Amino acid sequence: MSSPSLSALENPSEFVARHIGISPYDELQMLSVIGEASRQALIDSIVPRSIARAGKMDLPPAISEAEALAELKTIAGKNKLLKSFIGQGYYGTYTPGVILRNVLENPAWYTAYTPYQAEISQGRMEALVNFQTMVCDLTGMDIANASMLDEATAAAEAMTLARRSVKAKGSVIVVGGDAHPQTIEVMQTRAAPLGLIVKIANSAEEWDAALAADDYFAALIQYPASSGWLYDWAKDAEIIHAKGAAVIFATDLLALTLLKTPGEMGADIVVGSTQRFGMPMGAGGPHAAFMACRDEFKRSLPGRLVGVSVDAHGKPAYRLALQTREQHIRREKATSNICTAQVLPAVIASMYAVYHGPEGLKRIAERTARLAAIMASGLKQLGFTTSHHESAFDTICLKTDGATDAIAARAVAAGANLRKAWEIYLCVALDETTTRADVELIWRIFAGGQPLPDFAQLESSAADLIPGALRRTSAFLTHPVFNTHHSETSMLRYIRQLSDKDLALDRSMIPLGSCTMKLNATSEMIPITWPEFANLHPFAPADQLLGYQELDALLRRWLSSITGYADVSLQPNAGSQGEYAGLLAIKAWHDANGQGQRDICLIPASAHGTNPASAQMVGLKVVVTATDARGNVDMADLQAKCEQHSSRLACVMITYPSTHGVFETQVKELCRLVHSHGGRVYLDGANMNAMVGVAAPGEFGGDVSHLNLHKTFCIPHGGGGPGVGPVCVVEDLVPYLPGHATAGLQGNRKKAVGAVSAAPYGNAAVLPISWMYIRMMGAEGLKHATEAAILSANYISKRLQDHYPTLYASANGHVAHECILDLRGLKETSGVMAEDVAKRLADYGFHAPTLSFPVANTLMVEPTESESLAELDRFIEAMIAIREEIRAIERGEWPQEDNPLKNAPHTADTLLAEEWVHPYPRHVGSASAAYKAGGVKYWPPVSRIDNVYGDRNLFCSCVPIADLA
């Protein structure tokens, strides 16, 4: 018997078998149930031959986990780590080890899904309520949402919130010129298609003149200013309010531990970033932004909002509040996109505040401010004057005239980055990580050989730079949660207590249709905390970001090959932003070709709800087209609407495979039809996990697609963010991909639509995850993953067909990567709704599938390729067991209003209560039979939550301790 070859023993594709949960033996069993001879035969029977990709993806061959990490480490090493004094919204920070290890690096937190199923999301929602409370307390506002994407896009959302909420009818928003430049740029991008005008006031005279006019609906103030100065804006706020306009503050939460709050100055809306609360700079993201507002604006507040309600037993419980604002429901009436959250970074920021508490945060801020005062005093001795304002928190702006470039170069040579501003200034920003040695380094850079100031002498004599009138006097973070967990033991246990309440991928399968909850491998996650990736400033000089540039270029090339498109931008930091950027490109292309009247966007009724919201944001008018009885786009209705709106047709937005879980056979004909009327085809790539390696949208007629790297390409959902939503385009749309003038990345693309996120590479710090996934899988591995996902969905559909028929399927009865289980008939026979089945699944240890979307009273299941056959069977058996419980109701054994489904989920407290009044035994309520094989029981922490109560009694801050008793 011959020995295996060395090549076979090296096993470069080892990771493929670790990522894909189905073994070759399991595959044969599944195929026999489905009735297909091979995996290839199954794919050939599902993916229309007309769109099957002709050639292989041009990707490097698979390599092992160790080899991929080594290769990526080489790329990371091309980044240069200098001490950052740039500021501009990004600062050095320390992630406390207990939070780094137990939240950021913990799959119990990073593999969780968006908390739509409230009963099994109580831990992360408590952390988000802490976040909302923290923001409200520090800003002095009434209510805050559960995070936004970044400070710049939060400011753009504040602009549109103000526009629809105030009496002033003007189309202008006045912005102080000393706002962060990336914020101004993103606001300009967002304003243009909506017909809004961003008026920049670069001097006090321009500001006063702008406020005296009658053409504006809002004004935005950066506080502290980007260059560092402080001012009391209360009188300006009165002037703005007298015009019926809104006052928007962009602010810094660490500064607000010491400063008078925006709320005390008359703010209507407050935005900012929580980056410096423990989240590394990461070349720009992910970081949790925030938005807070006064009470009158709360029902128009964009994004997600966690509120407090009660469960079936009157116990306080958390849930997403005001869910009627969801774009899935509002659709063409949507004014914003709910997929604008960074939950994992928000959890980290809130935990940072819990760990440090108000006194700890204040101490960090006071130390930073004191070092800034000492530094400024020393620079004054060296002959450098500050800008026309003497006040500051952490940032000093120095007039350097003709010496600006020379001093900046000296700084780089000394291992530091300063910020150039307005050609004649250099700004120096300090932060939590700044030391005495750093201040002396700054002095040395500016001294140019002069003797340095005496630190010890200035330590006691340097004047405070925060004006007394602007010193904060109000208390903050008074709730016990911010004043209890300051020891590591207590903090560790608090984090564990919260994570134990949740159900994430580390416990069981999350079978969500349309959201692709797949393995986020540990080897993919390791690089995100490497200092070479984590500690870079997004606006560091380009030659210090060579590793990120290579990472960006490789991922763009690979994703282009995977999708069949000409080029990709990785800047959008969520799938919703990718949609937005793609539609901006289409609109800009029409405008450049003299077709600016094209403003109609056709969207099938089955499309993702993000689609109409994104179209609205680009200024397009949404026209809904019908779907046929099989769930496909109704081609006759689409043709009629194309003809009706031919001269104004901008684009059609479709999801492929469809949201109904099938590969529509007429997709090429659809693309040709739209193109014949001068429109472009936007193909939503949310379901790309069904196409990688088997079909490429750029080859079969798509003009634009966005991808969800947090779905198909393994970036974790993190409880509802971070995400990355690259936008992919065909050749003639490449010039219209997002630029980033603030970062100097316009290049030769004069037609670029402008920045769509604050940082040039978006959520750059999580891009290594997708790089690792593609590099370890290779072309064959990626194709195998797609085929395994389709195999798993069809296996579930077939196994459950006698219990829950699949609503939509192709002519041969097969589905794509997901299937919609039809529960609509159960209401008549048993009173059971799909929501009851979803709640009951928690007792069996599963997150529910997607509930009632895209069809009411159905469940949409997507298993992904990562789950083993054993886990698929466990889910199937749970669903069958629940169906048997429904049959017992149908037979009259249990009342329709009192049965295991209507009372689900069952908490341990209710099952252990002395009194048991239900007609079924306690062990049935607990679903204990599901755990006989040695599985670990998950106990839902609360019973079914009362949604109506939560919206009628809106409360979105930490629950008083007395109410928890």
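Reference entry: report on the structure contained in this document. For clarity, every value in this text was computed on a predicted model and none was experimentally measured.

**As for the sheet that holds strand β3 (residues 172-176)**
Here comes step 1: Strand order in this open sheet of 7 strands is β2-β8-β7-β6-β5-β3-β4, and the pairing throughout is mixed. Pairing within the sheet leaves two strands with one partner each, and these edge strands are β2 (143-144) and β4 (197-201).
Here comes step 2: For β3 and β4, the ladder comprises 5 bridges, and the chain directions are parallel. By the bridge assignment for β4, I173 is matched with V198.
Here comes step 3: Of the strands in this sheet, β3, β5 (216-223), β6 (246-252), β7 (269-273) and β8 (289-293) are in contact with helix α9 (residues 151-163), which crosses β7 at around 170°.
Here comes step 4: Running over the sheet, helix α10 (residues 181-191) touches β3, β4 and β5 and is turned about 155° from β4.

**Focus: the sheet that holds strand β13 (residues 419-421)**
Here comes step 1: An order of β11-β14-β13 is seen for the 3 strands of this open sheet, with the pairing classed as antiparallel. If you trace the sheet from one side to the other, it starts and ends with β11 (395-399) and β13, each paired once. Neighbour to neighbour, the strand axes of the sheet diverge by 30° on average, direction disregarded.
Here comes step 2: Relative to strand β14 (residues 425-429), β11 runs antiparallel, the two sharing 5 bridges. Counterpart to I396 in the pairing with β14 is V428.

**Considering helix α21 (residues 546-563)**
Here comes step 1: With 18 residues, α21 should cover 26 Å at 1.5 Å per step; its first-to-last C-alpha distance of 25 Å lies within 8% of that length.
Here comes step 2: For α21, every residue scored as buried is listed here: G547, Y548, L551, D552, L554, L555, W558, L559, S560, S561, I562 and T563.
Here comes step 3: Where α21 is buried, its residues touch α5 (65-76), α20 (531-534), β15 (567-569), α26 (697-700), β21 (727-729) and α27 (767-799).
Here comes step 4: Phi turns positive, to about 80°, at G564, one or two residues after α21.

**A closer look at the packing of α9 against α10**
Here comes step 1: Following both chains from N to C, one finds α9 and α10 inclined at 45°, their axes separated by 8 Å at the closest point. Comparing their axes, α10 and α9 come out oblique. Considering the relative orientation of α9 and α10, their crossing is right-handed. Along its contact with α9, which presents E151, A152, T153, A155, A156, E157 and M159, the element α10 presents Q182, T183, V186, M187, R190 and A191.
Here comes step 2: Tallied by class, the residues present in the contact of α9 with α10 amount to 7 nonpolar, 3 polar and 3 charged.

**Details of the side chain of D311**
Here comes step 1: With respect to the element layout, D311 can be found in the loop between β9 (306-310) and β10 (316-320).
Here comes step 2: Within the buried set, D311 has no salt-bridge partner at all; the shortest N-O distance to an opposite charge, 5.7 Å, is to K315.
Here comes step 3: Polar side-chain contacts of D311 include one of 2.9 Å to the backbone nitrogen of H313.
Here comes step 4: Ignoring sequence-local partners within four residues, the contact set of D311 consists of A317, V942, S943, R944 and I945.

**Points about the environment of V172**
Here comes step 1: Turning to its location among the elements, V172 is positioned in strand β3.
Here comes step 2: Judged by relative accessible area, which is 5%, V172 ranks as buried.
Here comes step 3: Sequence separation between V172 and I442 is 270 residues; the distance between their C-alpha atoms is 41 Å.
Here comes step 4: Dropping the residues within four chain positions of it, V172 is found in contact with I197, K199, D215, Y216, F217 and A218.

**A closer look at the packing of aromatic side chains**
Aromatic ring pairs are described here by two measures, namely the spacing of the ring centres and the angle between the planes.
Here comes step 1: Applying the stated criterion to the full structure yields 20 aromatic pairs.
Here comes step 2: An aromatic cluster is defined as three or more aromatic residues linked by ring pairs; in this entry it consists of W207, W229, Y231 and W233.
Here comes step 3: Above the face of the Y580 ring, R190 is positioned so that its terminal group lies 5.1 Å from the ring centre.
Here comes step 4: Between R680 and the ring centre of W589, over which it is positioned, the NZ or CZ distance is 4.3 Å.

**Some thoughts on the pairing of β8**
Here comes step 1: Burial analysis of β8 places 5 of its 5 residues in the buried class, the great majority of the element.
Here comes step 2: Residues A289, M291 and C293 line one face of β8 and the alternating positions F290 and A292 line the opposite face, and both faces are buried.
Here comes step 3: Taken together, the 2 bridges between β2 and β8 define a ladder with antiparallel strand orientation. Considered in β8, the bridge of I143 is made with C293.
Here comes step 4: Bridge analysis of β7 against β8 gives 5 bridges, and the strand direction is antiparallel. By the bridge assignment, G272 is partnered in β8 with F290.

**Quick notes on unusual backbone geometry**
Here comes step 1: That bond from Y656 to P657 is cis: its omega, -15°, falls within 30 degrees of zero.
Here comes step 2: Checked against the element boundaries, P657 lands in the loop between β18 (649-655) and α25 (667-676).
Here comes step 3: Cis geometry is adopted by the peptide bond preceding P722, which originates at G721 and carries an omega value of 20°.
Here comes step 4: Take P722: it is sitting in the loop between β20 (704-706) and β21.
Here comes step 5: Despite not being glycine, A283 shows a phi value in the positive range, around 55°.
Here comes step 6: With respect to the helices and strands, A283 occurs in the loop between β7 and β8.
Here comes step 7: Positioned with a positive phi, E423 is a non-glycine residue whose angle comes to about 70°.
Here comes step 8: Overall, the relative accessible area of 70% leaves E423 in the exposed class.

Parameters and conventions
- Residues numbered from 1 in each chain as written.
- Predicted model: local features only at pLDDT ≥ 70, side-chain atom pairs only at ≥ 80, totals over all residues.
- Heavy atoms only, no water.
- Pairing = 2+ DSSP bridges.
- Helix = DSSP H or I, 4+ residues; strand = E, 2+ residues; numbered from the N terminus.
- Contact = heavy atoms within 4.5 Å.
- Axes fitted to C-alpha atoms, helices over the stretch in contact; angles between N-to-C directions.
- Expected span 1.5 Å × (residues − 1).
- Buried < 20%, exposed > 50% of the residue type's maximum accessible area, 1.4 Å probe, protein only.
- Parallel < 35°, antiparallel > 145°, perpendicular 65-115°, else oblique.
- Left-handed = near helix turned anticlockwise from the far one by under 90°.
- Nonpolar A, V, L, I, M, F, W, Y, C, P; charged D, E, K, R; others polar.
- Lys, Arg positive; Asp, Glu negative; His and termini not counted.
- Salt bridge = Lys/Arg side-chain N within 4 Å of Asp/Glu carboxyl O.
- Polar contact = N/O pair within 3.5 Å; in protein donor to acceptor, adjacent residues only side chain to side chain.
- Phe/Tyr/Trp six-rings, centres within 6.5 Å; stacked < 30°, edge-to-face > 60°.
- Lys NZ or Arg CZ within 6 Å of the ring centre and 35° of its normal.

No statement about biological role is implied by the geometric values presented.
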